[in-house]
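Coordinate analysis (summary)
These are the residues of each chain, in order.
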Amino acid sequence: FPPHHPPMTTLLGVPLVYQERVLGDLYLTNKRDAPDFDDDDVRLLTMLAAQAAVAIANAHLYAAMQRQYGAAEARRHQLQTILDSIPSPVVIADERGRRATTNSAGRALFGDLIDDPGGDAFPYTEVVGFARPDGTPYRRGELPLDEALGTGAAIHDREIVALRRDGGRRTL
């Protein structure tokens, strides 16, 4: 033992094991009211060590999740900064058509119609009308976004005219 270590007359130690990996050890010394540790002490300390190992593993998982969340949040902020630097409206939707994010030009165009990220599907055909440059309206399922979601292909170089409820028009 190292210098100045307290004296010990008895010692009981068990490993802290989680999924066959040793995370540490748990020790008891100098049992009171008995000369030695017995089988009941071993069983009790083994159960306590198993619970402690789970708690330690959960703490490690939680810390890893917090680090990943922080990194994801930093990437999201970076993406938002890039999107906000694009002068044209950008709306990014998930595979179910729900808005994931929008740049500042998109928020200016659509206003509070798309303020709920991850909420209901983006109301682009029910609330705001879209037309081709020649004025022909897009029907449900015909928008480039629908095509991109349906095929998984990137759709670009398509002009779309957004028709706002207030009668305003904007080429996207």
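First, a word on scope: everything that follows refers to the structure included in this document. Think of each chain on its own: its residues are numbered from 1, step by step along the sequence as written. A pLDDT threshold of at least 70 governs which residues receive local features in this predicted model, and a stricter bar of 80 or more applies before side-chain atom pairs are shown or counted, although totals over entire chains, interfaces and linings include all residues. Only hydrogens and water are removed before side-chain values are computed, so all heavy atoms of the structure are retained for them.

Looking at the pattern of salt bridges
Filter applied, for reference: Salt bridges are counted wherever a side-chain nitrogen of Lys or Arg sits within 4 Å of a carboxyl oxygen of Asp or Glu. Helix and strand definitions here come from DSSP, where helices need a minimum of 4 consecutive H or I residues and strands a minimum of 2 consecutive E residues; each element is numbered from the N-terminal end. Throughout this description, buried means an accessible area under 20% of the type-specific maximum (1.4 Å probe, protein chains only), exposed means over 50%, and partly exposed covers the range between.
Counting across every chain of the model gives 8 salt bridges. Residue Arg132 is joined to Glu142 by a salt bridge in which the shortest nitrogen-to-oxygen separation is 3.3 Å. Within this pair, whereas Arg132 is found in the loop between β5 (129-131) and α3 (144-151), its partner Glu142 is found in the loop between β5 and α3, the two being separated by 10 residues in sequence. A relative accessible area of 25% means that Arg132 is categorised as partly exposed. Here Glu142 makes a salt bridge to Arg139, at a shortest N to O gap of 3.0 Å. Judged by its relative accessible area of 58%, Arg139 falls in the exposed class.

Considering the side chain of Asp146
To keep it simple, the criterion reads: Two N or O atoms count as a polar contact when they lie within 3.5 Å, although within protein this holds only if one can serve as hydrogen donor and the other as acceptor, and sequence-adjacent residues are included solely when both atoms are side-chain atoms.
You can see Asp146 is positioned in helix α3. Within the local environment of Asp146, its side chain forms a polar contact with the backbone nitrogen of Gly141, the two atoms lying 3.3 Å apart.

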